[in-house]
Structures are given as C-alpha cells and as structure tokens.
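Breakdown of the fold
What follows is the residue order along each chain.
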Amino acid sequence: MLNNNKSESIYKTIIQKGFILLSLMFLWELIARSGIFNELLFPRFSTIALSFFQQVQNGYLIEITLVSLSLIFKGLLISLIIALLLSFLAMMGNFFHNLVEVLNSIFHPLPGIALLPVAMLWFGLSEASIIFIIAHSVIWPMVISFLTGLKSIPRINIEVGQNIGLKGPALIWGVMLPAASPYILSGIKIGWARAWRSAIAAEMVFGAVGTAGGLGWHIFKTRYDFDIVGTFAALLTIMVVGIVVEELFFNSIENRTIKRWNMIV
Amino acid sequence: MLYIDNVGKSFINNGISVNVLSNITFRVLSGEFFCLLGPSGSGKTTLLRCIGGYEKVTSGTIKLNNHTVSAPGIDRIMVFQGFDQLFAWKTVSGNIEYPLKVNGISRVERRERTEKYLSLVGLHNYANYYPFQLSGGMKQRTAIARALALEPPLLLMDEPFGNLDAITRHTLQRELLRIKDETNTTVLFVTHDIDEAITLGDRILIFSRQGTVKSQIENNLNRPRIPSMPGYASLWANIYETLGEG
Ligand SMILES: Nc1ncnc2c1ncn2[C@@H]1O[C@H](COP(=O)(O)OP(=O)(O)OP(=O)(O)O)[C@@H](O)[C@H]1O
Ligand SMILES: [Mg+2]
C-alpha cells in the first residue's frame, strides 16, 4: 500500500514536470513565431531542437559535451577528496577547525573566474588550469556541507561504533560517512552544479585562445560566428545534461540511500 | 572482574560543578548478574557510561580485569538507554550482523547468530525493516539482540526492558538469564524497577538520589523467582524501604 502510493506519486511528479517542460517549449515557440523579436536573435524552439538533434546525431555535441564532462568529473573528484580531508581535519580540534574556517572565509567569496589569470600563470593553457578553477569553486561550498554533516552526527552513533571496536578510518567509513550521508550527498550535488557552471565559464575564456574545446568553447565560438541557433543548441545541451544528472543520477542515489533510510534533513 | 573503587563524577552545569556520583565502591564478580537500582537522576547512566569508557571519572578508579578503563572497548558491550542507538542506514538484521563482521566473525557464523538472536527477541519477521519503521520497543529489542550476538564477557545494560510490555519483558528477562548461564557472561544491569532487580540480580546495589551507594543486597532466592515464593515479599519490602529513606 505504502509502496503503491509512493510509485504513484513519483509517476505523478514525472508527468507534472514533463508537462511544465513541454509548456515552456511551446511558449518559446509561440513567442518566436509571433515576430515580436528578430528571429535571428530569438530563433524558434523547433529550429533549435532540430539543430540540437542533428548535432547529437552526427556526434559533434556529444563529443564536446564529453570533453566538458571529463573536466568536470576530474575537478569534482579532486574536490571531493580535498573537501573530505579538510572537513575531517577541521574535526580534529579547535586549531584545525579555525584554520579551515579561515581558509573558507578567504576563498569562498572569491569567484573562480577571477582566479583565471593566476591559473594561467601557474598551469599555462592546459586542462589543469580549468580543473583548478573548477576545484576552487567546488571545494569551499562542499566543505561547508560536509562539515555541517560531520557535526550533526549523533554522538550515540559514534559511541556505538567505538563500542563495537571501530577506530580511525574504519569508524569514519563505517559510521561517520553514512551518518553524515544526507549532507555529503547535498554537498556533492551543490558541487556538481558549481562545477558545471565554472567549467563552462572557464572554457569560454580558454577556448578563445585555442585549447581543445568543450561546450563552453563551442558557445563562445558559435556566438563569434553569429550562429545563434548553434549557441542555443549548446545551451539546450547544458540544460538536458543538468536535468538528466539531477533527475536520474542523484535522485536514484537518494532513493537507494537517504530516502530509503528516512534520513532526509 | 570489575572493580569500582571510590568513584566520583561531577559535571559542570551552567558554570557550576555538580556532583553526580560520590564514593561509589563495589565489585562485580565474574559470571555474576549485578543490578544497579536507584531513582531517576541518581547517576546510574552516568556510572555505566564511566564503566563503558564514554566518560572520564573525576576521582577514583574503574578496573576491568586489572586494567584501568580509559576508552570504550569490545570487552564491554553497552545497551544504551533510549531508542536512538541503532544505525539508521542498516536494517534490523544489518544492525545485528555488522558488529560481528567488524570483529572478523565468519559469514556463516554471522548469519547463524543473527538468525538466532533475531528470533530470540521476536523480530525475525522484521529482519529487513529499517529503524525508522520500528516501534520504540522493537528498536530496543534490536539493540539487545545486537549486544547479545556479540557474546561479550561483560554486558552493560541501561534499563533495556524499560519500554516493553509485561509479556515481552518477562520473556526477555528469562532469555537473558538463560543466555547468561550459557555463555557465562557477566551482566551489569541498570533498572529502577524493584521486581526486575529481584528477578534478575544475584546482587543489587541501591543508589541514593544523591548518587551514593545506599546498600548492597545479596539475593539468594532460588530461580525462577516469582512474587509468591517465600522470601520474595520481605526482600521487596527491604529494598523498598532502603530506596525510600532519605
Ligand atoms: N552530560 C551531562 N552533563 C551534565 N550533567 C549531566 C550529564 N549527564 C547526566 N547529568 C546529570 O547527572 C545526573 C544523573 O543523571 P543520570 O542520567 O546518570 O541518571 P539516571 O540514574 O540514569 O536516571 P534515569 O533513571 O532517569 O535514567 C542528573 O542530575 C543529570 O542532570
Ligand atoms: Mg539513566
């Protein structure tokens, strides 16, 4: 009974969200066709969608998306490791907690793109520069999330863990990470969104000077060539990837973990 | 086995140091069923937490097999007071099996013990439930099964049957005694229920409201102990009076 209701409401959500998306597309198409705006600047949705599907079919959009995704993936992985290390470091005592807090308040407000000149000086026109920018924009909000999670672990969970003989890494892996999992997941989600944005932004700057390009570079280039439909097709790609990752990847992880354990915060 | 020697414990509450335990001295012999009986707020949980290694004593010493207790350990398994001691991310059987896995017990034996203690506490039909899907008493029983399955040399139990119905409570009391005899575990059992202390305890230590030892009572009644047996009523009255004075 409970299960039935649940799958019914998931089904409903999908239908409703799908309906909203379709309406937005339809609205776009109507506005474009009404002729209020210059069609060169505001192409029809159908034209954009057609170009999108053509470029997906010939593999071009997929190829450049994969370039961006691989950058994001590397950036996220590095950030995840560093953010976890920093968060656990902060739990080791007052001094380290203050240290991490100071680092956070120095670096968190700093926009990644403002660090680009520095990154170029340090890493040159390489992938490493973009990964550096991504990691910078991901690590700090992630640390805040993770640290909140670690602090929210009920003491009794730790005590039971110690009682059954867990220490150090085993205690972290066996008790602390699962107990903090709602915050860890939300940190990773925030990180993913940040990484996506800063990767596109960094590529737009880098692509202009000729590195092998991803979506950001493609957006920059299409605008330069006045290929507005191409620009919008690339933007559409960003949205589609965002929705797929959010709705399929993160939702399915949540359904299998924190939602199943009723550990939603 | 367990020496509690002149233990005192104080907490700082709102800047003022409050004495919760003072001059607690007793010893628990190997294989004994030892009950701590006292009114609410008398420091029973605090003492158990000191013995478990979760709190440091302010004065005195606690020795287990001649080693001073300083940290939690697998040689003293604690059943905590309350409902929130299960791992929310593990099922009932997962909660029981995981500590066995951590302690290197083979898969086959893990399965066996988990099954055994699950049915012992009457939860075999709930093996795949997550803690949030359980009632308070069911959570408590899972925690008891988890502790028993580890078959530790010393069991520290803080009002483990506090929230169970009379029948479940009696079943579990009987089973606990049986398991204790089978495995030769020593049990230190906190309760504020006089009948429970008489039913279970070989010895009963009575706490005062101020966190001192009032008296220690030997309980030589034959088992099983039922209220109608000779000696039960006078023991009950004796404990009741001791608890009541001052
Ligand atoms: N962490 C703590 N910090 C400050 N004071 C505490 C702490 N833990 C317990 N106390 C105080 O110690 C006293 C004894 O508490 P304790 O939990 O040991 O009582 P108890 O005998 O277990 O009571 P109950 O039967 O209600 O469980 C109480 O007055 C309580 O306020
Ligand atoms: Mg208590």
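Residues numbered from 1 in each chain as written. Chains lettered and ligands numbered in written order. Predicted model: local features only at pLDDT ≥ 70, side-chain atom pairs only at ≥ 80, totals over all residues. Heavy atoms only, no water.

A few points about the pairing of strand β4 (residues 59-64) of chain B
On a regular strand, each side chain points to the face opposite its neighbour's, so the side chains alternate between the two faces of the sheet. All names here are of chain B. Summarising the sheet, strand β1 (residues 2-13) and β4 pair through 5 bridges and their orientation is antiparallel. By the bridge assignment for β4, Ile4 is matched with Ile62. Bridge count between β4 and strand β5 (residues 67-68): 2 bridges; the pairing is antiparallel. Following the sheet pairing, Lys63 is matched in β5 by Thr68. (Pairing = 2+ DSSP bridges. Helix = DSSP H or I, 4+ residues; strand = E, 2+ residues; numbered from the N terminus.)

Focus: the sheet that holds strand β3 (residues 33-37) of chain B
Residue and element names in this part refer to chain B. In spatial order, the strands read β6-β7-β8-β3-β9-β10; together these 6 strands make up an open sheet with mixed pairing. Of all the strands in the sheet, just β6 (76-79) and β10 (213-218) have a single pairing partner and so form its edges. Along the sheet, successive strands turn relative to each other by an average axial angle of 15°, direction set aside. By the bridge criterion, 5 bridges tie strand β9 (residues 203-207) to β10 in an arrangement that is antiparallel. Within β10, the residue paired with Arg203 across the bridge is Glu218. The strands touched by helix α1 (residues 44-52) within the sheet are β3, β6, β7 (154-158), β8 (186-191) and β9, with β7 carrying the most contacts at an inclination of about 150°. This element, helix α7 (residues 232-244), spans β3, β9 and β10 of the sheet and lies at about 170° to β10. (Axes fitted to C-alpha atoms, helices over the stretch in contact; angles between N-to-C directions. Contact = heavy atoms within 4.5 Å.)

Structural notes on the site of ligand 1
All names here are of chain B. Around ligand 1, 14 residues are found, and the nearest of them are Ser40, Gly41, Lys44, Thr45 and Thr46. Here Ser40 contributes a side-chain N or O atom positioned 2.6 Å from an oxygen atom of ligand 1. Protein contacts shield 65% of the accessible area of ligand 1, which totals 640 Å² for the unbound molecule. Mapped onto the shell around ligand 1, the elements with two or more residues apiece are β1 and α1. Counting residues per element, the shell around ligand 1 draws most heavily on α1, which supplies 3 residues. Here the residues of the shell around ligand 1 sort into 3 nonpolar, 9 polar and 2 charged. (Near = heavy atom within 4 Å. Polar contact = N/O pair within 3.5 Å; in protein donor to acceptor, adjacent residues only side chain to side chain. Areas by Shrake-Rupley, 256 points an atom, 1.4 Å probe, with all protein chains shown as cover. Nonpolar A, V, L, I, M, F, W, Y, C, P; charged D, E, K, R; others polar.)

Focus: a nonpolar patch on the surface
On the surface, A:Phe19, A:Ile20, A:Leu21, A:Leu22, A:Leu24, A:Met25, A:Leu27, A:Ile31, A:Ile36, A:Phe37 and A:Ile243 cluster together into a nonpolar patch covering about 1,100 Å² of accessible area. If one sorts the elements of the nonpolar patch by residue count, helix α1 (residues 2-34) of chain A sits on top with 8 residues. (Patch = residues over 30% accessible without salt bridge, like charges linked within 9 Å, V, L, I, M, F, W, Y side chains within 5 Å. Salt bridge = Lys/Arg side-chain N within 4 Å of Asp/Glu carboxyl O.)

Focus: the interface of chain B and chain A
Listed per partner, the contact involves 24 residues of chain B and 19 residues of chain A. Between chain B and chain A, roughly 1,800 Å² of surface is buried when both sides are summed, and carbon and sulfur atoms account for 63% of that area. At the junction of chain B and chain A, the tally comes to 1 salt bridge. Measuring nitrogen to oxygen at the nearest pair gives 2.6 Å for the salt bridge that ties B:Arg49 to A:Glu159. For the pair chain B and chain A, the interface holds 6 residue pairs in polar contact (both at pLDDT 80 or more). Mapped onto the side of chain B that touches chain A, the elements with two or more residues apiece are β6 and α2 (92-102) of chain B. (Buried area = accessible area lost by both parts, 1.4 Å probe.)

What to know about the confidence of the model for chain A
Per-residue confidence for chain A averages 89 on the pLDDT scale, and 95% of its residues sit at or above 70. The lowest-confidence element of chain A is α1(A), averaging 83 in pLDDT; the highest-confidence one is helix α7 (residues 155-163) of chain A, averaging 96. (pLDDT = per-residue confidence, 0-100.)

Quick look at the coordination of the magnesium ion (ligand 2)
Protein coordination at the magnesium ion (ligand 2): the donors are B:Thr45 (OG1) and B:Gln81 (OE1), at 1.9 to 2.2 Å from the metal. In this pair, B:Thr45 is assigned in helix α1 and B:Gln81 in the loop between β6 and α2, connecting sequence segments 36 residues apart. (Donors = N, O, S within 2.8 Å, 3.2 Å for Na, K, Ca; no water.)

Here's the deal with the domain arrangement of chain A
All names here are of chain A. Splitting chain A by domain gives domain 1 (1-42) and domain 2 (57-256). Placing a centre on the C-alpha atoms of domain 1 and another on those of domain 2 gives a separation of 28 Å. Facing the 5 residues of domain 1 at the interface are 5 residues of domain 2. Applying the counting rule to domain 1 against domain 2 returns 1 salt bridge. Between Glu247 and Lys17 there is a salt bridge, with its nearest N and O atoms 3.3 Å apart. Along the lines of polarity and charge, the residues of the side of domain 1 that touches domain 2 split into 4 nonpolar, no polar and 1 charged. (Domains from an automatic or database assignment.)

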